[in-house]
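Reading the structure
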Amino acid sequence: MIAWLRRRRLRVLVDVEAGLTDVPARPKEALAREADLIVVLGGDGTLLSIARRADARVPILGVNLGELGFLTEVRESEAMAMLARVVGGDYELDRRMTVAATLTRRGRVLRSFRALNDVVITNGARARIIDFAVSVDGLPLTDYRADGVIVSTPTGSTAYSLSAGGPIVEPTVQVLVLSPISPHTLSNRPVVLRPNAVVRITLAAGEDDALVTVDGQEVMPLAGRDVIEVRQARAKVCLVRAPSRTYYDVLRSKLGWGAR
């Protein structure tokens, strides 16, 4: 792939973690800033690690090196032909919604995040129920006693949220999905919210064993009365669409639908 691009006088950069010595390397943040096209070789986790850093104008071509992924749709055998199409301008994009989250403690914003899949609040090492309240646009929704809660994008609806009983949402639909994890009250069910809703999660006083996790990769410990606010981000992530298969093909393959 590198040789093919160089023959066409295209400048190639690689992730510094790739360990390639004969190609200029950059950290992911720098790659996201400098690239006109990002090619991801790996799986969905690899793509997530760069997607939330990428500019909304930069297309991402995901090549799966294992089983077919929800995000890395292109198979290894299709990679070169697909790369040629993208370089030639013959491709289509899926523009995926992302979310922005902030963690506030005692009135001060400690951290800001961006996620393509989800923002998750869970219990920590002690594996016990945590108490928290959820409001939407400043209006109380409910108080939860649960193992946690997931605020998911449509793209993330087939990730952790699906395991927690959340719905599968077509990724081009613009919604937020709020899925409690193992709630103590069995009537607490996943809720689908409009995309411009602002979800505010407030931990109860005394909660000292909880975590916030972004896209399953960035983790930060939480304390009692911490507030996590999640809303639709302005920037989208642009994924190159594999022309040989649809989203429904991916669902059937990944989830084993129709298999006997």
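Below is a summary of the structure that appears in this document. (Residues numbered from 1 in each chain as written. Predicted model: local features only at pLDDT ≥ 70, side-chain atom pairs only at ≥ 80, totals over all residues. Heavy atoms only, no water.)

Some thoughts on the overall build of the protein chain
Looking only at helices and strands, the protein chain features 6 helices and 19 strands. Taken along its principal axes, the extent of the C-alpha atoms in the protein chain is 60 × 45 × 30 Å. With 260 residues in all, the protein chain has 46% of them scored as buried. Sequence-distant contacts, at least 24 apart, represent 60% of the contacts inside the protein chain between residues at least 6 apart. With an accessible surface of roughly 13100 Å², the protein chain has 51% of that area assigned to carbon and sulfur atoms. The average position of the 35 basic charges and that of the 29 acidic charges among the side chains of the protein chain differ by 3 Å. (Helix = DSSP H or I, 4+ residues; strand = E, 2+ residues; numbered from the N terminus. Buried < 20%, exposed > 50% of the residue type's maximum accessible area, 1.4 Å probe, protein only. Contact = heavy atoms within 4.5 Å. Areas by Shrake-Rupley, 256 points an atom, 1.4 Å probe, with all protein chains shown as cover. Lys, Arg positive; Asp, Glu negative; His and termini not counted. Charge placed at Lys NZ, Arg CZ, Asp CG, Glu CD.)

Describing the layout of surface pockets
Space inside the largest pocket adds up to approximately 930 Å³. At the level of secondary structure, the elements contributing two or more residues to the lining of the largest pocket comprise α1 (2-7), β1 (14-15), α2 (28-34), β3 (38-42), α3 (44-51) and α4 (79-87). A total of 4 residues in the lining of the largest pocket trace back to one element, the largest contributor, which is β3. Split into classes, the residues belonging to the lining of the largest pocket amount to 19 nonpolar, 2 polar and 6 charged. (1 Å grid on protein atoms, 1.4 Å probe; cavity = no way out; pocket = protein on both sides within 12 Å on 5 of 7 lines; lining within 4 Å. Points joined across faces, edges and corners; volume = space filled by probe spheres on them. Nonpolar A, V, L, I, M, F, W, Y, C, P; charged D, E, K, R; others polar.)

What to know about the pairing of strand β8 (residues 108-115)
When strand β7 (residues 99-105) meets β8, the two strands line up antiparallel, connected through 7 bridges. Considered in β8, the bridge of L103 is made with R111. Here β7 folds back onto β8 in antiparallel fashion, the turn holding 2 residues, of which R106 has a positive phi close to 55°. (Pairing = 2+ DSSP bridges.)

Side note on the nonpolar core
Core analysis: the largest hydrophobic core is formed by 30 residues, its most contacted members being V119, I121 and F132. In terms of residues, this core owes the most to one element, strand β10 (residues 130-136), which gives 4 residues. (Core = buried A, V, L, I, M, F, W, Y, C linked by side-chain atoms within 4.5 Å.)

Looking at the environment of L13
With respect to the helices and strands, the residue L13 is situated in the loop between α1 and β1. Residues L13 and E229, 216 residues apart in the sequence, show an inter-C-alpha distance of 35 Å. For L13, the residues in contact, after removing those within four places along its chain, are V23, P24, R26, L31 and E34.

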